Amino acid sequence: MQLLHIDSAITGGASVSRQLTASTVAAWVAAHPGTQVQYLDLVADAPGHFTLDAMAPRTGQTEGLTEAQQRENAVSERLVSQFLAADVIVVGAPFYNFGIPTQLKAWIDRLAQPGRTFRYTANGPEGLAKGKTVIVASTRGGVYSTSEGGRALEHQESYLQTIFGFFGITDVRFVRAEGVAMGPDAKSAALASAESDIKAHVAQSVAKAA
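Residues numbered from 1 in each chain as written. Predicted model: local features only at pLDDT ≥ 70, side-chain atom pairs only at ≥ 80, totals over all residues. Heavy atoms only, no water.

Here we look at the overall build of the protein
A tally of regular secondary structure across the protein gives seven helices and seven strands. Seen through its C-alpha atoms, the protein measures out along the principal axes to roughly 60 × 40 × 35 Å. Here the contacts in the protein between residues at least 6 apart in sequence split such that 77% fall between residues at least 24 apart. Accessible area of the protein: about 10,100 Å², with a carbon and sulfur share of 55%. (Helix = DSSP H or I, 4+ residues; strand = E, 2+ residues; numbered from the N terminus. Contact = heavy atoms within 4.5 Å. Areas by Shrake-Rupley, 256 points an atom, 1.4 Å probe, with all protein chains shown as cover.)

And the structure:
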């Protein structure tokens, strides 16, 4: 089994999402011995934001690519190949300005490739990355999941659920810690809830494999 571990928080050792992805990966590997883990830190190794040079090879252009286009295509190919090779993807996704970090969005933009992660058919788009499990470590300073107004402001979990679903992934799970900036007690409760989520997701995977 191949597991891809991704972090995107800019806060380094103070990051709650990094703490939770590490816990998730450790629990998964303990429950599934032999799992091979690849790690991608999108802050230390972030792809450039999507540009026309990165887009050109996806339009069917294969001849006469410039050096910049070839270089950007190589970055996209490396990232999408790594993603497609993984059976399980653990993604650290902190909540920044009602959405996800731009580093994480840049990675997703490189994955969204016709013929690789999706295709258009007579019946509409079809995801090509089926059969994977994605576990998102979702962290938030405030609380957004418990009210209609909060959910309307949230473009983090909802976006990731949508884009991974577009890629054909139906097994998208969330390890959520929200309210982590609302004082020590709230943060402790949020972390305890997230650790409970981790245990539940790993137990589910073990039962499914049995």
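Structure shown, so let's carry the discussion forward.
Quick notes on the pairing of strand β5 (residues 124-127)
Every regular strand shows the same layout, with side chains that alternate between the two sheet faces. With four bridges connecting them, strand β4 (residues 118-121) and β5 associate as antiparallel partners. Counted as the bridge partner of Tyr120 is Pro125 from β5. As consecutive antiparallel partners, β4 and β5 are separated by two residues. (Pairing = 2+ DSSP bridges.)

Points about unusual backbone geometry
Positive phi, close to 50°, is recorded for Asn97, a residue that is not glycine. With respect to the element layout, Asn97 can be found in the loop between β3 (88-94) and α4 (102-111). With a relative accessible area of 75%, Asn97 lands in the exposed category. Despite not being glycine, Phe98 shows a phi value in the positive range, around 75°. The residue Phe98 is located in the loop between β3 and α4 in this model. (Buried < 20%, exposed > 50% of the residue type's maximum accessible area, 1.4 Å probe, protein only.)

Considering the pairing of strand β1 (residues 2-7)
Buried residues dominate β1, accounting for five of its six residues. Pairing of β1 with strand β2 (residues 36-41) involves six bridges; the strand directions are parallel. The residue bridging Gln2 from the neighbouring strand is Gln36, located in β2. As paired elements, β1 and β3 share four bridges and run parallel to each other. Considered in β3, the bridge of Leu4 is made with Ile89.

Topic: the nonpolar core
Ranked by internal contacts, the top residues of the largest apolar core, which has 26 residues, are Phe83, Ile89, Leu104, Trp107, Val134, Leu160 and Phe164. Elements represented by at least two residues in this core include exactly β1, α3 (67-85), β3, α4, β6 (133-140), α6 (157-166) and β7 (171-178). If near-sequence neighbours (up to four positions away) are discounted, Val134 is found in contact with Ile89, Val91, Phe164, Ile169, Asp171, Val172 and Arg173. In terms of nonpolar packing, the next biggest core, distinct from the first, is built from 17 residues, Leu20, Trp28, Val175 and Ala190 among them. (Core = buried A, V, L, I, M, F, W, Y, C linked by side-chain atoms within 4.5 Å.)

Some thoughts on the sheet that holds β7
With respect to topology, five strands assemble into an open sheet ordered β2-β1-β3-β6-β7, the strand pairing being parallel. Either end of the sheet is taken by a strand with one partner, and the two such strands are β2 and β7. Between one strand axis and the next, the sheet turns through 15° on average, direction left out of account. Against the sheet, α6 touches β3, β6 and β7, its axis set at about 165° to β7. (Axes fitted to C-alpha atoms, helices over the stretch in contact; angles between N-to-C directions.)

Some thoughts on the packing of α4 against α6
One can describe the packing of α4 onto α6 by two numbers: an axis separation of 12 Å at closest approach and a directional angle of 15°. When the axis of α4 is compared with that of α6, the two are roughly parallel. Here α4 runs over α6; the crossing is left-handed. Along the contact surface, α4 presents Leu104, Lys105, Trp107 and Ile108, while α6 presents Tyr159, Leu160, Ile163 and Phe164. Tallied by class, the residues present in the contact of α4 with α6 amount to seven nonpolar, no polar and one charged. (Parallel < 35°, antiparallel > 145°, perpendicular 65-115°, else oblique. Left-handed = near helix turned anticlockwise from the far one by under 90°. Nonpolar A, V, L, I, M, F, W, Y, C, P; charged D, E, K, R; others polar.)

As for the side chain of Ser8
Secondary-structure assignment places Ser8 in the loop between β1 and α1 (16-31). A polar atom in the side chain of Ser8 sits 2.7 Å from the backbone oxygen of Gly92. Those residues within four positions of Ser8 in sequence are excluded, and the remaining contacts are Leu42, Val43, Gly92, Ala93, Pro94, Pro101, Gln103 and Leu104. (Polar contact = N/O pair within 3.5 Å; in protein donor to acceptor, adjacent residues only side chain to side chain.)

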